Amino acid sequence: MYETPFTRRSFLACAGAVLAGCNRAGQRGSSNETTTPNGPADVTLRIGPVLVDLAKDHTISTIGYNGQVPGPLIRLREGIPVTVDLFNETDIPEFVHWHGQIISADVDGAQEEKSLAVQPHSHLRYRLTPQPSGSRFVHTHVMPMSDLSLGTYTGQFAFVYIEPKNNPGQYDQEVFLATHEWEPFYTTEEMEDEDSDQDAKKPEPKRDEKPNGWEIGYQRFTINGKCLGFGDPIRVKEGQRVLFHILNASATENIQLALPGHQFQVMALDGNPVPRPQAVEVLELGTAERIDAIVEMKNPGVWVLGTPKDDDRKNGMGIVVEYAMKTGVPRWVKPQKKPWDYTMFGENKSVPNPDEVIPMVFGKINGGTGGFNRWTINGKGYEDNAEPRLLHKGKRYRLIFDNQTDDAHPVHLHRNSFELTSVYGKPTAGVIKDVVLVKGFKKVEADFTPAGEGLTLFHCHQQLHMDYGFKLLFNVT
């Protein structure tokens, strides 16, 4: 299990060490990210085939990191440069994207940014300086298009935790949980957003409009690569404060998670501390979002931490939480349905006026039966040869995410973080993220000042949407 069985105090004694055996970090060196460093690597990732035991008598073959799914937990120290070795044992070029980190485009791991690729059956080495602190992750950035055996449909994902320079810690145990779905298939059934606003006005379809195109369904759901009831439980003691780091590592699914009889005290979103920590019963994570939350263990028993969606939970989306000296059938109690609201974690204060406002209208062109939907930003799908949108370093930009489709879109900005300034018409401040879930026919505004020069990719993190047009490239000068 992705779990550290020791206390925060004992962890501090070995801060900077990567807990996966092959990964080491904390050696100080040059911050130059474009030269090939000598000596042993601090982080090694081997991309290759792996067999995953999802459940009893149910094993699948996929591509993973270091022979396991999820990949090894990578612990780094903020601002301390590391040398990275990538070995590609597959037959296609691969990109390893350091999601949520502010690093150069060369090593960010995206073809659109002209990042370094690790070629088939080859090795790539480079250096990067981890920043900012908090919960980040690595994942493949290959565009699989119609091939459901590639890209984020595989097991190529792993937690990266960047230890802050100063962090006293106020918890007894730390647990890392990554959700993922397996055995994807094409379906004509439209994916519905459980929390969609029933009052949202969906435009009437045009008479000549094609029906919706392919969607993705899954047969198995896991947390840390195991279906509910298979693998070790999370073992806790009454009175403990447990810090959960939760990652939605799905290719396409937005999820909810609850732990009956307990509350999550949300401390950070996408690895960034929130201004106003709040207690909630249900967490919501769009694809690629992360939440750090503390749970006070004061309701002894054996519980299911899982999704409120009954079918998905029965197909594996959950994990058992077991108190010491307690046994029995794990209990599940359906939580009350409450809307997830980013603004509850923000501040009620004004933000600086932007230097420039960039409208981004999300559109959908239905693919029709047996076809793929196409996705647009401001009326255009992504084109490889299109000129990037020019931005200037040091300017404050306001991105207006205007979702004119009935799909929820978890949109991501590479190599930067942004501050939410308005969510569905409600002003806010201080909530810093790198992914935000924009629900159907809703609008979110976010401000950012480019952190570094070079190419910067913006896209929907729903793999099928990204593959079929939902991308935009910036160039910061």
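Look up: the structure comes first, before these words.
These numbers were taken from a predicted model, which means no experiment stands behind them.

Rules of the game
- All chains use their own residue numbering, which begins from 1 and follows the written sequence.
- Residues qualify for local features only when their pLDDT is at least 70, as the model is predicted, and side-chain atom pairs are given and counted only at 80 or more; totals for whole chains, interfaces and linings, by contrast, use all residues.
- Processing note: side-chain calculations cover all non-hydrogen atoms of the structure and skip hydrogens and water entirely.
- Residue types Ala, Val, Leu, Ile, Met, Phe, Trp, Tyr and Cys, when buried and joined through side-chain atoms within 4.5 Å, form a set referred to as a nonpolar core.
- Remark: exposure states derive from per-residue accessible area (1.4 Å probe, protein chains only) relative to the maximum for the residue type, with buried under 20%, exposed over 50%, and partly exposed in between.
- Secondary structure is summarised from DSSP: a helix means a run of H or I of at least four residues, a strand means a run of E of at least two, and numbering begins at the N terminus for each.
- Contacts were defined at the residue level, with two residues in contact if any of their heavy atoms lie within 4.5 Å.
- We call Phe, Tyr and Trp rings a pair once their centres come within 6.5 Å, taking the six-membered ring for Trp, and we label the pair stacked below 30 degrees between planes, edge-to-face above 60, and tilted otherwise.
- For a Lys NZ or an Arg CZ to count as sitting over a ring, it must be within 6 Å of the ring centre and within 35 degrees of the ring normal.
- Between any two strands, pairing holds if DSSP finds at least two bridges.
- Here the axes come from fitting lines to C-alpha atoms, over the contacting stretch only for helices, and the angles between their N-to-C directions go from 0 to 180 degrees.
- Criterion for a salt bridge: a side-chain nitrogen of Lys or Arg within 4 Å of a carboxyl oxygen of Asp or Glu.
- Pairs of N or O atoms within 3.5 Å make up the polar contacts considered here, provided that, within protein, one atom can donate a hydrogen while the other can accept it, and that residues adjacent in sequence are counted only when both atoms are side-chain atoms.

A. Representation of the nonpolar core within the structure. Membership of the largest hydrophobic core comes to 66 residues, with the highest contact counts inside it found for Phe244, Phe401 and Phe458. With 4 residues, strand β11 (residues 215-223) is the single largest residue contributor to this core. Excluding residues that lie within four positions of it along the chain, Phe458 makes contacts with Met360, Phe362, Ile377, Phe401, Val411, His412, Leu413, Phe470, Lys471, Leu472 and Phe474. By size, the runner-up hydrophobic cluster in this structure holds 22 residues, among which are Leu76, Ile103, Tyr126 and Leu128.

B. Just the packing of aromatic side chains, in detail. All told, the structure shown has 12 aromatic pairs when counted by the stated rule. For the ring pair Phe401 and Phe418, a centre distance of 6.2 Å and an interplane angle of 70° mean the geometry is edge-to-face. Here the residue Phe401 occupies a position in strand β24 (residues 397-403), and Phe418 occupies one in strand β26 (residues 418-423), the gap between them amounting to 17 residues. Classification of Phe418 as buried rests on a relative accessible area of 1%. An aromatic cluster is defined as three or more aromatic residues linked by ring pairs; in this entry it consists of Phe362, Phe401, Phe418, Phe458 and Phe470. In this structure, Lys442 packs its charged tip against the face of Tyr424, placed 5.4 Å from the ring centre.

C. Local environment of the sheet that holds β24. Ordered in space as β22-β21-β24-β29-β26-β27, the 6 strands form an open sheet in which the pairing is mixed. In the strand order of this sheet, the two ends are held by β22 (374-377) and β27 (426-433), each with one partner. Across the sheet, the mean angle separating the axes of adjacent strands is 20° when strand polarity is ignored.

D. Summary view of the sheet that holds strand β4 (residues 74-77). The 4 strands are arranged β4-β9-β8-β6 in an open sheet whose pairing can be described as mixed. Each edge of the open sheet carries a strand with a single partner, namely β4 and β6 (96-99). Taken over all neighbouring pairs, the strand axes of this sheet differ in orientation by 25° on average, direction set aside. Both β4 and strand β9 (residues 157-163) contribute to a ladder of 4 bridges, which runs parallel. When the sheet's bridge partners are listed, Arg75 is paired in β9 with Tyr161.

E. Region of the structure containing unusual backbone geometry. The peptide bond linking Val69 to Pro70 adopts the cis configuration, its omega dihedral lying at -5°. Following Gln131, the chain continues into Pro132 via a peptide bond in cis, with omega recorded as -10°. Note on placement: Pro132 falls in the loop between β7 (122-128) and β8 (134-140). The phi angle at Glu183 is positive, at roughly 55°, despite the residue not being glycine. Within the secondary structure layout, Glu183 lies in strand β10 (residues 173-187). Assessed through its relative accessible area of 23%, Glu183 is described here as partly exposed. Of note in this structure, Ala288 is not a glycine but carries a positive phi near 80°. As for its position among the elements, Ala288 is in the loop between β17 (282-285) and β18 (290-296).

F. Inspection of the pattern of salt bridges at higher detail. Enumeration according to the criterion identifies 23 salt bridges in this entry. Across the pair Asp310 and Arg313 runs a salt bridge whose closest N-O atoms are separated by 3.0 Å. Highlighted residues: Asp310 and Arg313, both in helix α3 (residues 310-314), separated by 3 residues, approximately one helical turn. Exposure remark for Arg313: the relative accessible area of 11% places this residue in the buried category. For the salt bridge of Lys426 with Asp341, the shortest nitrogen-to-oxygen distance reads 3.5 Å. Placement of the pair is Lys426 in strand β27 and Asp341 in the loop between β20 (318-323) and β21 (356-365), with a sequence separation of 85 residues. A relative accessible area of 23% means that Asp341 is categorised as partly exposed. Several salt bridges converge on common partners, so that one network encompasses Arg136, Asp270, Glu289, Arg290, Lys433 and Asp434.

G. Summary view of the environment of Tyr382. Position of Tyr382 relative to the elements: it lies in the loop between β22 and β23 (389-391). The residues contacting Tyr382, other than those within four sequence positions of it, are Glu112, Gly469, Lys471, Leu472 and Leu473.

H. Structural context of the side chain of Thr456. Relative to the helices and strands, Thr456 resides in strand β30 (residues 454-460). A residue is classified by how much of its surface remains accessible, and Thr456, at 1% relative accessible area, is buried. Reaching out from Thr456, the side chain makes a polar contact with the side chain of Arg415 at a distance of 3.1 Å.

Purely spatial values, then, with no claim about function.
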